[in-house]
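# Observations on the model geometry
Residue-level listing of the chains:
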Amino acid sequence: MKRYITINILLLLFLCATVTGGICQTLYIDDTFTFSEAGLHLNYLTGVDPATGIDEIVKRYSNHEFKPSTTLRPSFGYSTQCLWLSLTVTNTTSLPVQWLLEYDYPLIDAITLYIPHGHSFTAIQTGDKLPFSYRQIPYRTFVFPIVQKPGTTTYFVRVQSQGSLVVALKAWTPHAFEKMLNKTLPFIWMHYGLMIALFFYNLFLFITVRDKSFLYLVLFIVGITLFAMANNGIAAQYLWPESPWWGNVCHPFFIFLAMVGVVLFTREFLNLPVVIPVLGIVLLIMAIVTAMGGIIPFVAPYYYATQISVLMAAIEAVIVITAGIVAQIKKVREALYFNVATLSFVAGVILIVLRSFGVLGDNFFTAWGYQLGSSAMVILFSLGIADKVNTWRKDKERALSQLATSEAKYRTLVENAHDGIMLVQDWNIVYSNHALARMLGYTVEELLNKNINVITADSSLGREVLIQYENRMLGKAARLQYEAQLKRKTGAVMDVLISAQKVILDGISTSIAIIT
């Protein structure tokens, strides 16, 4: 008996495989159904003329021209031709069942769902080329509500886009869909809340510290955050719902913006112009070319703009990662933060790519690896800059401490010198040591801010002091050492030997004179 049952099961499986080309395509909905990826339940027809109508498609479907899908998320690359999908659904219950068909890829230009009614079809159109208000369910992706009668129904979906043609169809019950929203939406807003906080944090630090690394990181945060919002449909829902033109242009534009930010950040953060000058020049050229590339989305079709932006991003990502590795080999302190940050982002991107190709299953990390990676990268970048600034401050404090020690030593030497020493700015004495004050019969406080005319004798040698000072300040020929006559507080004239030199103190031309 068991052998008989086994043979019949194998025969049934064989017949199913024969009819469907190796995969049983029908999606079954019963009382226990909540959710299913529709990828393995699809048949598809590629390279269809955009003008082909539904009647011709039904004929071609009847002639078995459609091919069965073998992956959860079929991907057809960049194509401007139409893709047609068929989905056969069987309601095994005795009552109509309400369910939702979600196209979980927000960057599709035009999607039309054809629902059969007798010998005709009802067409429901949506896509990112239409305003958000056209969507039947206000959500970041495209969701179609369907009432499934008992029995089997075949639905057709027409898809056309200038971007990457990824098929990400999912079937939900309304309750399961709402449950998914309650789980995912808080995480989405936590992610964007974190990015907004990091934006203001780094902007504040740039304003206070004036380190350009913070400014470039702010630029990167703006680009990568708005790109992510455009990529997952949040921007179309909340930022520009009635502007489908900008919704398409902004996607490649924000890639260019983010890459300009990360390239300039890499160059500044790793101090490449000093540590690795060649890489510093390469990254500067890349930043300029990428900034110019930001014009492309506004003048070229989306089909070309998105491919150019992705290609440039891939090339620059390789160079940026290489720069980080080389900098770590050169023992640049900040390179460790940089490499861990870029690794976390790359790991997140790899997870989502493997999920898209069906290599990994759909879980929290594969679904949100990109957002997790970008958040971790920006946090680590921010910590890296903070560490760099703290190191810079400690070095500055150490240098100031050493300068203060040196200044104290030199002040002691000058104050205890037997020769008179003074500093003159704009004809006024701004410093005098005690030796000079004793020579002239003044106190140090009395000499401060006095015009040098007061201490020069009314003689040819006295006027020589004024002539030499004027020539020295104007950049004319002036003697480094000369005989002169100064006038004491009592009016007595004294013969002196003056050695003088022009210096810059606090940005002001100053004459320093040693008087013997």
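The following paragraphs examine the structure supplied in this document. Values in this document were obtained by computation on a predicted structure and should not be read as measured data.

Turning to the pattern of salt bridges, a few remarks are in order. Side-chain pairs of opposite charge can arise where the charged atoms are in close proximity. Evaluation of the coordinates by the stated rule reveals six salt bridges. A salt bridge links E65 to R60; the shortest N-O distance between them is 2.8 Å. For E65, a relative accessible area of 35% gives the class partly exposed. Take R60: its relative accessible area is 22%, and that puts it in the partly exposed class. Here R479 ties to E464 by a salt bridge, and the two come within 2.5 Å at their closest N and O atoms. Highlighted residues: R479 in the loop between α15 (460–474) and β16 (481–487) and E464 in helix α15, separated in sequence by 15 residues. Judged by relative accessible area, which is 44%, R479 ranks as partly exposed. With relative accessibility at 16%, the residue E464 sits in the buried group. A network of salt bridges, in which partner residues are shared, links R73, D104 and K170.

Helix packing geometry: the angle between the two helix axes and the distance between the axes. At their nearest, the axes of helix α6 (residues 244–269) and helix α10 (residues 302–329) sit 9 Å apart, and the two run at 15° to each other. Viewed along their axes, α6 and α10 adopt a mutual orientation that is roughly parallel. Pair α6 / α10 crosses with left-handed handedness. Contacts from N248, H251, P252, I255, F256, M259, V263 and T266 in α6 reach Y302, A305, T306, I308, S309, V310, M312, A313, E316, A317, V320 and A323 in α10.

Moving on, we come to the environment of M286. Looking at the element boundaries, M286 is found in helix α8 (residues 277–293). A relative accessible area of 11% places M286 in the buried class. Along the backbone, M286 and E316 are 30 residues apart, and their C-alpha atoms lie at a distance of 7.6 Å.

Moving on to the sheet that holds strand β2 (residues 35–37). Across the sheet, four strands lie side by side as β2-β13-β7-β10; this open sheet has antiparallel pairing. For this open sheet the edge positions go to β2 and β10 (142–148), each flanked by a neighbour on one side alone. Across the sheet, the axes of successive neighbouring strands diverge by a mean angle of 20°, strand direction being ignored. Relative to the sheet, helix α3 (residues 174–209) contacts β7 (97–103), β10 and β13 (169–172), its axis offset from that of β7 by approximately 45°.

A cluster of nonpolar residues, I321, I325, I329, V346 and I350, forms a patch on the protein surface that exposes about 410 Å² of accessible area. Looking at the nonpolar patch, the elements with two or more residues in it are α10 and α11 (335–356). Tracing the backbone through its elements, the reader meets I329 in helix α10.

Let us look at the packing of aromatic side chains. Each pair of aromatic rings is reported with the distance of its centres and the angle of its planes. Going through the model one piece at a time under the given rule, you end up with 28 aromatic pairs. Pairing F121 with F156 gives two aromatic rings, centres 6.0 Å apart and planes at 75°, and the pair type is edge-to-face. With F121 in strand β9 (residues 120–126) and F156 in strand β11 (residues 151–160), this pair connects stretches of sequence that are 35 residues apart. The class of F121 is partly exposed, set by a relative accessible area of 26%. For the pair W189 and Y238, a centre-to-centre distance of 5.3 Å together with 75° between the ring planes defines the contact as edge-to-face. Taken together, the residues span a long stretch of sequence, with W189 in helix α3 and Y238 in helix α5 (residues 234–238) at a distance of 49 residues. Owing to a relative accessible area of 38%, W189 belongs among the partly exposed residues under this scheme.

Now for the pairing of strand β8 (residues 110–117). Bridge count between β8 and β11: five bridges; the pairing is antiparallel. Across the sheet, T112 pairs through a bridge with R158, a residue of β11. In terms of strand pairing, β8 meets β9 through seven bridges, oriented antiparallel. If you follow H117 over to β9, its bridge partner there is S120. Count of turn residues in the β8/β9 antiparallel hairpin: two residues, of which G118 carries a positive phi of about 70°.

Criteria and thresholds
In every chain, residue numbers begin from 1 and rise along the written sequence. Totals for whole chains, interfaces and linings use every residue, but because this is a predicted model, local features are given only for residues with pLDDT of at least 70 and side-chain atom pairs only at 80 or more, for both listing and counting. By convention in this description, side-chain values take in all heavy atoms of the structure and omit both hydrogens and water. Only one rule defines a salt bridge in this text: a Lys or Arg side-chain nitrogen within 4 Å of an Asp or Glu carboxyl oxygen. Burial classes: relative accessible area under 20% of the type maximum marks a residue as buried, over 50% as exposed, and values in between as partly exposed (1.4 Å probe, protein chains only). Strands are runs of DSSP state E lasting at least 2 residues, helices are runs of H or I lasting at least 4, and numbering of each runs from the N terminus. Axes here mean lines fitted to C-alpha atoms, for a helix over just the part in contact, with angles spanning 0 to 180 degrees between N-to-C directions. Any angle that is under 35 degrees is reported as roughly parallel, and any over 145 degrees as roughly antiparallel; angles of 65 to 115 degrees are reported as roughly perpendicular and all others as oblique. Note: crossing handedness is left-handed where the near helix turns anticlockwise from the far helix by less than a right angle, and right-handed where it turns clockwise. Throughout, a contact is declared for two residues whenever any of their heavy atoms are within 4.5 Å. Two strands are said to pair when DSSP picks up at least two bridges between them. Nonpolar side chains (Val, Leu, Ile, Met, Phe, Trp, Tyr) within 5 Å and like charges within 9 Å form the patches, drawn only from residues with over 30% relative accessible area and no salt bridge. Values of accessible area rely on a 1.4 Å probe in the Shrake-Rupley scheme; residue burial ignores everything except the protein chains shown. Pairs were defined over the aromatic rings of Phe, Tyr and Trp, the Trp ring being its six-membered one, requiring ring centres within 6.5 Å. Orientation was assigned from the angle between planes: stacked under 30 degrees, edge-to-face over 60, tilted for the rest.

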